[in-house]
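# Observations on the model geometry
Chain by chain, the residues:
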Amino acid sequence: MSCPKCAPRGPEDDRRHEKHHLHVSGLTRGAEAAEATHRTSVIEDTPTTEPTVVLVGNPNVGKSTLFNNVPGARQNVVNAPGTTVEVMQGHWGAVGARVLDLPGTYSLIANSPDEQVVVDTLAGTPGSFTDPVRGRSVDLVVVLLEATALTRSLYLLGQVARTGRPVAAVITMSDVAEHEGQAVDAAALGASLGIPVLAVDARARASVPALNDMVSAALRTRPRVRGIEPDPLSPGYNQVAAAAARAALEKNREDEGAPALVDGEGCGCGHDTCPDRAPDPDSTAAAAVAAQRDPLAEAEDIFAWVDGVEAAAHSAREDAAKLSRSDRIDRLLLHPLVGIPVFFALMWLLFKVAGEWVGPVQDFFDGVFSSQDEGAFSLANGLTTLLTAVGAEGTWVEGLLVGGLCTGLGVVASFLPLMFVIFLMISILEDSGYMARAAFLGDRVMRSIGLDGRVILPLIMGFGCNLPSLAATRTLPNSKQRLVTTLIIPYTSCAARLTIYLMIARIFFPGNTGTVVFGLYLLSLVMVVLGALVLRPFLNRESSNAPLMLVLPSYQMPRVVVTLKSTALRSWSFVKGAGKIIVTMTLVVWFMSAIPVVAGHSFADADLPMEDSLYGRTAQVLVPVFEPTGFGEWHMTGALMTGFIAKETVISSIVTSYNMDPETQGGDAEDGGTDLGSLPDLVRGSFEKSAGDAAPLAAFAFLVFVLTYTPCLATVAEQARQIGGRRTATAVAVQLGAAWILATAVFQIGRLFL
């Protein structure tokens, strides 16, 4: 450990770390999460006089939940390692302080960009959110300690203490620890640490008043951890905070009657010359000292301190050999013969619910915007009434607003219940603690293709939406794994493809809709594995062979309010982000279908055949390319053309291409509902025209193509930002080529058996 006489570095030396730009809603690290969240805004770098409180803790410790309860801010609660990638800010009104929720981390030795944000924020690095040059600082660090994993939490607390910052501690999951016979005495722990310690239920507001009182008092007293002194060579060290810590140490020594430390005397560390004392931390001498320090020995020093602290506060279990409830459950769910079937059963249930039980709710949401039934309360009817009143009934304006805008808005609204169900089930898996087990189960499979279990978490997210999945790859510590994962994520079947699967499956495979959809998701997993295997020899030769260190949180019952809040935020974010694209593309398709390319028709002519419009002619150009796939028919090629921009627009493009009235003829196909109106006959006719008696086989080949070709233009932009334009262009070409080859193989080989 560092000595109390070690000289701090000057402000001009506190510039070792790379500059980071932080943003909010949340405060995301640089532009890296901006495209993923679609909701970031730049923080004004204006000085502030109110104190700053930062929340630090391991992933899954309840830090983000506590943040939501205290300042009234909003953040998704993700109960899986490595998924807290945002730094959120809020105003803690009860204590008059600004509060920052830093990304979850197990150590201040940064191995990922998000962990580096924690270190830089604690150090007050130039460009960070606590840069003192901008009048910012850290006035108190609230470290959250998990009662069921106290040793690991205290290790992080020890590292934070070495930064010199004032510290208070909050114990979470005390109820789980007590149930497992590992009760933590908060008062004894506080006495041992020399700082305020409070046990709270992070998910209950009843704990907030006591927490307010503790934080208010800690902001006045600026407590420091007993037994650990600031270390200039430790990550996150801040010289101003360390100077205040040393001053407090000197005062404590005087109060206890111990002799004061005088400049020039030995510093009491047992060395004639303190190795940390004189050198500038950025100097050559300091670098030599740092090189001589054994990281393992440093960790052992902190763990030795942790052992002493824990012995005073963590009562022993009455029966140490007795397995906890989580351990007993894990004996089943982590067993390969049981755990893997359970995982696939849960995934099948998710798709079963989304595919067959949400339709009626989707119909209602769609009807609010696009229903033209007589007497129906809808935006479409309202606009029709208004246009009739001003004499614009039957004009192209009505077609644009009712057939274009209202149709697009109806599609967007219909996505809300579908996304809500998907994200609700994922949130339940996360909040219950099961999602981390999925990573554990997937580790062996991932290792066989050159990756590790941490990759499975971004891949699972990809089944919701590829954009946040790509953003989540930033938490992977190995650059080669990040590259490979970024390239294979587009093969995960995002939720936007689901409505396409449902419509085609209900038309051609009405008795096996759920099975067909489930089979497509299995094919998606196969494509991910094959993609990683193909890339492994070329891009993953230097992949780390280090074992996966994964913390399995205790199982717990998901809290209804937290789960619903997280689900609502995710669903709204998805619908809001996709909605702009859906409405825009619906209007584009309407305009293309309204522009004639042959003589004898005017703009938006009601009698204009779709095949004679700009949309139809553009789609017909692609027909020869897709003839070998079995769906070389312009209605389908046109839908695939708009699907490159966004998969959410494929069905609306199909409906529009048939010159259908969405209400009287199209049913609720656009929102994944079961009432397809007259669409089945038209779609079946298109496939029979291109494939004859093999129309069902061509329909399945169409679904395979939808699954494997480029997800959307937004995903392409995110890939380009992460891996560069050249690699992204190559990846898109490979995706299109692979999709065409697979679809052709399915159709041509399948015909041999018909």
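Conventions adopted
Throughout, a residue's number is its position along its own chain's written sequence, starting from 1. Local features in this predicted model are restricted to residues whose pLDDT is 70 or higher, and side-chain atom pairs enter the listing and the counts only when it is 80 or higher, whereas totals over whole chains, interfaces and linings include all residues. Hydrogens are left out, water is left out, and the side-chain values use all remaining heavy atoms of the structure. Fitted lines through C-alpha atoms give the axes, limited to the stretch in contact for helices. The angle between two N-to-C directions lies from 0 to 180 degrees. Runs of H or I in DSSP of at least four residues are treated as helices and runs of E of at least two as strands, each being numbered from the N terminus. Angles below 35 degrees are treated as roughly parallel, those above 145 as roughly antiparallel, those between 65 and 115 as roughly perpendicular, and all remaining angles as oblique. Left-handed describes a crossing whose near helix is turned anticlockwise from the far helix through less than a right angle; right-handed describes the clockwise counterpart. The contact criterion used is simple: two residues touch if any of their non-hydrogen atoms lie within 4.5 Å. Each residue gets one of three labels, nonpolar for Ala, Val, Leu, Ile, Met, Phe, Trp, Tyr, Cys and Pro, charged for Asp, Glu, Lys and Arg, and polar for the others, Gly among them. Nonpolar side chains (Val, Leu, Ile, Met, Phe, Trp, Tyr) are joined into patches within 5 Å and like charges within 9 Å, using only residues with over 30% relative accessible area and no salt bridge. In short, Shrake-Rupley with a 1.4 Å probe defines the accessible areas, and a residue's cover is counted only from the protein chains shown. Salt bridges are defined as contacts in which a side-chain nitrogen from Lys or Arg sits within 4 Å of a carboxyl oxygen from Asp or Glu. Only protein chains enter the accessibility calculation, which uses a 1.4 Å probe; a residue is then buried when its area is under 20% of its type maximum, exposed when over 50%, and partly exposed in between. To estimate the expected span of a helix, count its residues, drop one, and scale the result by 1.5 Å. Two axes are fitted around each residue, one to the seven residues ending there and one to the seven starting there, and the angle between them is reported as the bend at that residue.

Helix α15 (residues 396–432) packs onto helix α14 (residues 379–389) with a crossing angle of 165 degrees between their chain directions and a minimal axis gap of 10 Å. In terms of orientation, α14 lies roughly antiparallel with respect to α15. Regarding α14 and α15, the two cross each other, and that crossing is right-handed. In this structure, α14 uses L379, A380, L383, T384 and L387 to contact α15, whose residues at the interface are V397, E398, L401, V402, C406 and L409. Here the residues of the contact of α14 with α15 are counted per class, giving nine nonpolar, one polar and one charged.

Remark: helix α23 (residues 614–621) packs on helix α25 (residues 634–643), axes separated minimally by 8 Å, with the N-to-C direction vectors making an angle of 95 degrees. In this view, α23 runs roughly perpendicular relative to α25, as classed from their interaxial angle. Contact with α23, carried on its side by Y615, G616, T618, A619 and Q620, involves W634, T637, G638, A639, M641 and T642 of α25 and no other residues of that element. Classifying every residue of the contact of α23 with α25 gives five nonpolar, six polar and no charged.

A few words on a nonpolar patch on the surface. Together, W396, F591, I595, V597, F603 and L614 make up an exposed nonpolar region whose accessible area comes to about 490 Å². Positionally, W396 belongs in helix α15. With a relative accessible area of 43%, W396 lands in the partly exposed category.

All right, on to helix α16 (residues 434–448) then. End to end, α16 covers 23 Å across 15 residues, agreeing with the expected 21 Å (1.5 Å per residue, within 8%). At G442, α16 shows its strongest bend, of approximately 40 degrees. When α16 is considered as a whole, its buried residues turn out to be Y434, M435, A436, R437, A438, A439, L441, G442, D443 and M446. Of the residues flanking the end of α16, it is G450, one or two places downstream, whose phi is positive at about 90 degrees.

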